[in-house]
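# Remarks on the overall topology
Each chain is listed here by its residues.
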Amino acid sequence: AQRILGTIIAWCEKNGIPCRICVVKARQVGISTYAMAEGYHRCRERPTNVMVIGDEYDKSVKNLVNMFDLYAEKDTVDWGSDYKQPSKKFGNGSKMETETANDARAGASGTYQFVIATEVAHWKSGKVVTPDGVFKAFMSCVPDKPGTVVIVESTANGMGNLFHDTYTGGVSFEDLQAGRIPPGWNGFIKLFYAWHEHPEYTADVSLDEATGIMCTLSKAEKKLVE
């Protein structure tokens, strides 16, 4: 999953395309971990404003911030500038900020070159704040220029919500590379990473075990296997 994400980001940069990725992911496959690594590296490499946004700080953002700090703590490269953990600021002018999806004006006070929006399918609607409104607010703070990155990621949570609409309005990486872009494309590259694609979520079985498993399946289940 991380290699796929990294390949897309690098391809967009090489081809001068603003990088916008919407990822439907299984749990614990490393998407958020890699997204934070990319954000940290960008901060070191060039002056970059990074924003991390989720529904609630303690539930979805705190772990990502801890990853960011861990990268800084373990980094042995001499970048020629320092990192101040309390302020999340770098000596080269880069910084990392956090926002909440419960704020209708999330990110409105800044300009960001790298955004990570986490567990977007689970953002809640209130009387004043809606996921759609928050999404539009922070997206308007990201210049539509090459070198910028927006990663919208989540485990699935049904249909008809902001995350589902963003995913279905995107194109696959393969279609983008081939120039197959449909009318009304929203600018996002959609990436579906299923649980069974993740090596840690699979186990080898013997031929006898596989035969035994197949014998327990219904006709509909066998059709799905095919």
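Residues numbered from 1 in each chain as written. Predicted model: local features only at pLDDT ≥ 70, side-chain atom pairs only at ≥ 80, totals over all residues. Heavy atoms only, no water.

## A few points about the overall build of the protein
Secondary structure assignment for the protein yields eight helices and nine strands. Along the first, second and third principal axes, the C-alpha atoms of the protein reach 60 × 45 × 40 Å. A burial count over the protein gives 42% of its 226 residues as buried. Considering only residue pairs separated by 6 or more positions, the protein has 74% of its internal contacts joining residues 24 or more positions apart. With an accessible surface of roughly 12,600 Å², the protein has 53% of that area assigned to carbon and sulfur atoms. Positive and negative charge centroids in the protein, built from 25 and 28 side chains respectively, lie 5 Å apart. (Helix = DSSP H or I, 4+ residues; strand = E, 2+ residues; numbered from the N terminus. Buried < 20%, exposed > 50% of the residue type's maximum accessible area, 1.4 Å probe, protein only. Contact = heavy atoms within 4.5 Å. Areas by Shrake-Rupley, 256 points an atom, 1.4 Å probe, with all protein chains shown as cover. Lys, Arg positive; Asp, Glu negative; His and termini not counted. Charge placed at Lys NZ, Arg CZ, Asp CG, Glu CD.)

## Thoughts on the environment of glutamate 73
For glutamate 73, the position within the fold is in helix H3 (residues 57-74). A residue is classified by how much of its surface remains accessible, and glutamate 73, at 58% relative accessible area, is exposed.

## Quick look at the layout of surface pockets
Within this model, the largest pocket holds a volume of roughly 380 Å³. Around the largest pocket, the lining is made up of 18 residues, and of these Lys25, Gln28, Ser32, Leu64 and Glu119 lie nearest the centre. Those elements that place two or more of their residues in the lining of the largest pocket are helix H2 (31-45) and H3. In terms of residue count, the dominant contributor to the lining of the largest pocket is H3 (five residues). Of the residues assigned to the lining of the largest pocket, the class counts are five nonpolar, eight polar and five charged. Counted as a void, the second largest pocket has a volume near 160 Å³. Along its surface, the second largest pocket is lined by Ala1, Gln2, Arg3, Ile4, Val29, Tyr193, His198 and Pro199. (1 Å grid on protein atoms, 1.4 Å probe; cavity = no way out; pocket = protein on both sides within 12 Å on 5 of 7 lines; lining within 4 Å. Points joined across faces, edges and corners; volume = space filled by probe spheres on them. Nonpolar A, V, L, I, M, F, W, Y, C, P; charged D, E, K, R; others polar.)

## Comments concerning the packing of H2 against H3
Their axes nearest at 9 Å, the elements H2 and H3 cross at an angle of 50°. It follows that H2 is oblique to H3 by the angle criterion. Considering the relative orientation of H2 and H3, their crossing is right-handed. Contact residues: H2 offers Ser32, Thr33, Met36, Ala37, Gly39, Tyr40 and Cys43, while H3 offers Leu64, Met67, Phe68, Tyr71 and Ala72. Looking at the contact of H2 with H3 residue by residue, the classes come out as nine nonpolar, three polar and no charged. (Axes fitted to C-alpha atoms, helices over the stretch in contact; angles between N-to-C directions. Parallel < 35°, antiparallel > 145°, perpendicular 65-115°, else oblique. Left-handed = near helix turned anticlockwise from the far one by under 90°.)

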